[in-house]
Amino acid sequence: MDRARFDQSTAARGDQARRNLVSALRECGELADAVEHFQGDELLEVLIYIDGLRFVMAESSQLLQGVVRGFEQ
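Residues numbered from 1 in each chain as written. Predicted model: local features only at pLDDT ≥ 70, side-chain atom pairs only at ≥ 80, totals over all residues. Heavy atoms only, no water.

1. Description of the overall build of the chain
No. 1: Looking only at helices and strands, the chain features 2 helices and 0 strands.
No. 2: Taking all 73 residues of the chain together, 18% fall into the buried category.
No. 3: Taking the intrachain contacts of the chain between residues at least 6 apart in sequence as the baseline, contacts between residues at least 24 apart amount to 67%. (Helix = DSSP H or I, 4+ residues; strand = E, 2+ residues; numbered from the N terminus. Buried < 20%, exposed > 50% of the residue type's maximum accessible area, 1.4 Å probe, protein only. Contact = heavy atoms within 4.5 Å.)

2. Thoughts on the nonpolar core
No. 1: Counting residues in hydrophobic clusters, the biggest one holds 9 residues: Ala17, Leu21, Ala24, Leu31, Ala34, Val46, Leu53, Met57 and Leu64.
No. 2: Looking at this core, the elements that each hand over two or more residues are helix 1 (3-37) and helix 2 (40-72).
No. 3: Considering each element in turn, this core owes the most residues, 5 residues, to helix 1.
No. 4: Excluding residues that lie within four positions of it along the chain, Ala17 makes contacts with Ser60, Leu63 and Leu64. (Core = buried A, V, L, I, M, F, W, Y, C linked by side-chain atoms within 4.5 Å.)

3. Looking at the environment of Ser61
No. 1: Along the chain, Ser61 turns up in helix 2.
No. 2: Note: C-alpha distance between Ser61 and Leu21 (40 residues apart in sequence) is 6.7 Å.

4. With respect to the side chain of Ser60
No. 1: Among the structural elements, Ser60 can be located in helix 2.
No. 2: Residue contacts for Ser60: discarding those within four places in its chain leaves Ala17, Asn20 and Leu21.

5. Focus: the environment of Met57
No. 1: Its place among the elements puts Met57 in helix 2.
No. 2: C-alpha of Met57 to C-alpha of Ala17: the two residues are 40 residues apart in sequence and 8.8 Å apart in space.
No. 3: Beyond its immediate chain neighbours, meaning those up to four positions away, Met57 contacts Leu21, Ala24, Leu25 and Cys28.

Function cannot be read off these values alone, since they describe shape.
Dropping the structure here:
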């Protein structure tokens, strides 16, 4: 794979990671009220969903960091 295609592919992955991270962060903000007010099974469902968002945020953040570091070098 040539350098231009690699850079374009890396940039596209970085863009997708940024979109995923922004979306997950917005969802977390929206879930604050649910955590504050829900009880029992509803709260458990929200907490499990938050764990999934946490995974997306960690993965997307790490990928985006790698892309940013790669562009800085």
